[in-house]
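Residue-level structure breakdown
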Amino acid sequence: MNIRYWLHLYFVLIRSSIRSGMQYKMNFLLGTFLAAGIQIAEFLMIAIVLNKFGAVKGWSLYEVGYLFAVMTLSKALYRSFANDVHHLENYLTSGDLDQLLTRPVPVLLALMSQNFRMMPGELLQGGFILTWALHGMMQAGQITWIAVPFTFLVILTGAVILFAIGLTTATAGFWLTRINELQTLTEDASQTAVRYPLVLYPVWLRSILLVVIPVGFVNYVPSLFILRGELGAWVLLGIVLVAAVCLFASMKLWTFGMSRYQSTGS
Amino acid sequence: MLYFSLASKAYARNLQYRGAHMLHNVASALFGYLYACIWIGIGQDRPLGEYGVHGMIGYIAFTQASLWISGFTTNGLGIPQSVRTGQISLDLMRPVHLFVHLMCREWGQIAYQFVYKSVPIYLLYVLVFSLSLPQQVTTLLLALAGLAAAAYLSICMNYIIGATALWTTESSWLYWMNHALINLLAGFFIPVEWLPRWLQTVSWLSPYPYLLYVPTRIYLGFEDAYRLLGSLVWCVLMTLACLGVTAVVRRKVEVQGG
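Summarised in this report is the structure supplied together with it. Keep in mind the model is a prediction, meaning the values are calculated, not measured.

**Side note on the nonpolar core**
In terms of nonpolar packing, the biggest core is built from 162 residues, with A:Tyr201, B:Trp39 and B:Phe189 touching the most fellow members. By residue number, the principal contributor to this core is helix H7 (residues 137–163) of chain B, which donates twelve residues.

**What about the packing of helix H10 (residues 180–193) of chain A against helix H2 (residues 18–42) of chain B?**
In the contact formed by H10(A) and H2(B), the axes pass within 9 Å of each other and the chain directions differ by 5°. Relative to H2(B), the element H10(A) lies roughly parallel. Contact with H10(A), carried on its side by A:Glu181, A:Thr184, A:Leu185, A:Asp188, A:Ala189, A:Thr192 and A:Ala193, involves B:Ala20, B:Leu23, B:His24, B:Ala27, B:Leu30, B:Phe31, B:Leu34 and B:Tyr35 of H2(B) and no other residues of that element.

**Quick notes on unusual backbone geometry**
Positioned with a positive phi, A:Leu231 is a non-glycine residue whose angle comes to about 65°. You can see A:Leu231 is positioned in the loop between helix H12 (220–226) and helix H13 (234–259).

**Thoughts on the environment of A:Arg19**
Here A:Arg19 is to be found in helix H1 (residues 3–21). In this structure A:Arg19 comes out as exposed when scored by relative accessible area, which is 54%.

**Digging into the packing of H7(B) against helix H9 (residues 172–185) of chain B**
Residue and element names in this part refer to chain B. At a closest axis distance of 9 Å, the pairing of H7 and H9 adopts a crossing angle of 150°. In terms of their interaxial angle, H7 and H9 are classed as roughly antiparallel. The handedness of the crossing between H7 and H9 is right-handed. Residue-level contacts link Met157, Asn158 and Ile161 of H7 to Leu174, Tyr175 and Asn178 of H9. Of the residues contributing to the contact of H7 with H9, the split by class is four nonpolar, two polar and no charged.

**Looking at the pattern of salt bridges**
Residues and elements named next belong to chain B. Under the criterion given, the structure shown has eight salt bridges over all chains. Note that Glu223 and Arg217 form a salt bridge whose closest N and O atoms lie 3.2 Å from each other. When sorted by exposure, Glu223 lands in the same class as Arg217, which is buried. Put simply, Arg227 and Glu223 hold a salt bridge, and the shortest N to O gap is 3.2 Å. On the basis of relative accessible area, Glu223 is assigned to the buried category, the value being 14%. Salt bridges here are not isolated pairs; linked through shared partners, they connect Glu50, Glu193, Arg217, Glu223 and Arg227.

Rules of the game
- Residues numbered from 1 in each chain as written.
- Chains lettered and ligands numbered in written order.
- Predicted model: local features only at pLDDT ≥ 70, side-chain atom pairs only at ≥ 80, totals over all residues.
- Heavy atoms only, no water.
- Core = buried A, V, L, I, M, F, W, Y, C linked by side-chain atoms within 4.5 Å.
- Buried < 20%, exposed > 50% of the residue type's maximum accessible area, 1.4 Å probe, protein only.
- Helix = DSSP H or I, 4+ residues; strand = E, 2+ residues; numbered from the N terminus.
- Axes fitted to C-alpha atoms, helices over the stretch in contact; angles between N-to-C directions.
- Parallel < 35°, antiparallel > 145°, perpendicular 65-115°, else oblique.
- Contact = heavy atoms within 4.5 Å.
- Left-handed = near helix turned anticlockwise from the far one by under 90°.
- Nonpolar A, V, L, I, M, F, W, Y, C, P; charged D, E, K, R; others polar.
- Salt bridge = Lys/Arg side-chain N within 4 Å of Asp/Glu carboxyl O.

See the structure below:
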């Protein structure tokens with residue numbers, strides 16, 4: 001049973017998950033439409049302010065749009081492929097994780113293939129803002145076409161980093177059982193924070209967002225090089241390395257957490 | 001008396017989770033802090049209208065704390081959940097009007113959130129940002145009246161959102177859409193007068209400004225009591241809408257689940 005076998009199995013499970021979700025077509029369509037609307041409203045919030053007041057601490061509307069879009073797309077990738085890692089609490093409190101333990105597949109794989117969510121609303125909206133931002137900056141001569149493949153790489157590594165953070169938070173559930181409050185800090189608040197340039201925040205908060213919860217590496221650090229030519233090309237290699245280390249560490253922690261799992265529920 | 005005990009039970013149920021909620025308050029306060037940092041950044045080189053940088057921080061602090069009164073109401077007042085389990089048929093059979101029953105329960109929830117979320121979060125901001133409190137008691141009372149109307153409007157909006165679950169079984173998307181509209185149109189992050197003109201028109205044609213913007217402006221001393229008339233009109237309109245929706249729901253209900 002090699003990696004190809006597991007990947008094949010994963011996609012089979014995802015396909016059946018999509019089929020079960022598609023039984024509720026009205027929900028799917030409404031969800032897609034409204035998800036895009038929510039994203040637009042959230043971006044409008046900052047776009048209106050920047051449009052009215054101009055750049056914020058040297059970051060233009062296009063640049064902030066880029067940060068926003070990369071975060072949206074990375075998050076959409078992470079949540080599409082590993083939705084129920086984020087919802088582990090439900091499995092822990094109801095005792096449903098026991099069911100997954102009896103399956104002849106690794107628990108993480110079983111968890112990741114549950115309730116697969118295509119997120120077309122987020123992908124469309126993120127893609128639209130990204131195209132608009134990249135196009136605007138290319139017109140102004142700030143970046144060249146090479147930024148496009150770099151951006152794809154960054155979206156992928158970003159999804160890996162977000163997955164690692166999500167998995168680490170979920171792992172804490174093996175000890176804490178309830179993790180919703182923790183997730184609000186490590187996932188929701190931190191992801192919202194880095195939609196805007198980190199220079200806005202005081203040093204202590206910036207350090208947390210780069211070291212403790214390395215969410216700053218999803219979009220802010222790579223954009224320093226891709227958009228502004230700061231730091232150097234080594235940054236991209238560094239980001240790949242950060243993503244790999246985060247993934248490795250979170251997987252190790254997950255394995256350890258699983259060994260400490262105690263069933264709950266009725 | 002029944003109505004009061006519905007509310008007090010909802011309040012008491014929440015008391016069990018005080019510890020976890022306090023941790024959650026830290027995260028919630030952090031969100032407001034992020035938004036305040038953005039305004040500090042923007043206000044560094046330019047004046048921020050009649051508010052000024054410190055005024056904008058006070059504005060964000062108040063809207064963030066008020067979000068627990070008029071923003072984070074229970075998704076659809078719990079109707080989607082009872083549609084899925086079939087409980088809705090029993091709820092409709094009770095000798096209490098469905099809207100009044102759910103509204104009273106939600107008032108208990110909001111009262112809890114006011115005491116254990118809004119107040120601690122706002123006090124934290126007062127300390128961190130050295131905010132000053134209103135000089136006159138009347139300002140405070142008017143702001144509280146504005147917030148009470150906002151809470152009621154939010155209950156009505158969530159009742160209507162919840163009622164759609166009878167057709168779609170799922171209304172969480174509408175709930176989040178409503179939340180996004182609160183962020184944009186209720187003056188949560190941007191005061192309504194700074195929105196583009198067309199969006200201002202849309203905003204004032206909706207009840208959204210009365211959820212956050214109006215109570216905040218009253219609290220900061222920028223508005224008089226007459227603004228509350230708008231809140232009152234919307235409360236009446238939304239009540240009529242909720243009663244109308246209930247009449248339709250009574251004919252629509254299908255028992256699912258089991």
